[in-house]
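Understanding the architecture of this molecule
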Amino acid sequence: MRTVLRWMLTLCLLAGCLAGLHFWLQEYQKPLVRSEIEEPLFTVADAEYSKALQEGRQVIRYGPLPGSAFYAGSLAFQQPEEALAWLKSTGYWDKGWRVFELTGDFLKDTHLIRGLAHTNKTLLISREVPVH
């Protein structure tokens, strides 16, 4: 009888953890769209993002994974020229990467990781920014 109770308790705890994970994942995937932006926020991404925007699809850039050192969020820049300089210095410009504006605010929706700003929330890409 005790074994059955232990198994039932274990299954209930596991189900609770899985339900919590499910609801967290649903919230993580929901992008923030700010109505008032004081400091625009820019990021960089490959040409597939341009195609998706031209097709009218919503393009999401995810925030950091909590407790994970593997994904700190998307790179974030305060000015499109900074993003362009980063693309050219790393060689990604030649690979077709471009600059995009996000639906967040640079001062509120970024954090520093190893000296580079990254997004700290899931955001939408609102448009491609023409830079040369």
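Structure's up top.
Right, let's walk through the structure included here. What you are looking at is a predicted structure, and each value in this text was computed from that prediction instead of being measured.

1. Here's the deal with the pattern of salt bridges
Applying the stated criterion to the full structure yields 5 salt bridges. For Glu 48, the salt bridge is made with Lys 51, and the minimal N-O distance between the two is 3.5 Å. Pair noted here: Glu 48 and Lys 51 are both in helix α2 (residues 47–54), with a separation of 3 residues, about one helical turn. A relative accessible area of 43% means that Lys 51 is categorised as partly exposed. Taking the shortest distance from any N to any O, the salt bridge between Arg 57 and Glu 55 comes out at 3.1 Å. Owing to a relative accessible area of 55%, Glu 55 belongs among the exposed residues under this scheme. A network of salt bridges, in which partner residues are shared, links Arg 34, Asp 109 and Lys 121.

2. Looking at the environment of Ile 125
Note that Ile 125 resides in strand β6 (residues 123–129). Each C-alpha atom, one on Ile 125 and one on Phe 42, is 8.8 Å from the other, the two residues being 83 residues apart in sequence. Not counting residues up to four positions away in its chain, the partners in contact with Ile 125 are Tyr 49, Leu 53, Val 59, Arg 61, Phe 100, Glu 101 and Leu 102.

What counts and how
- Residues numbered from 1 in each chain as written.
- Predicted model: local features only at pLDDT ≥ 70, side-chain atom pairs only at ≥ 80, totals over all residues.
- Heavy atoms only, no water.
- Salt bridge = Lys/Arg side-chain N within 4 Å of Asp/Glu carboxyl O.
- Helix = DSSP H or I, 4+ residues; strand = E, 2+ residues; numbered from the N terminus.
- Buried < 20%, exposed > 50% of the residue type's maximum accessible area, 1.4 Å probe, protein only.
- Contact = heavy atoms within 4.5 Å.

So far we have only geometry, and geometry alone does not tell us how the molecule works.
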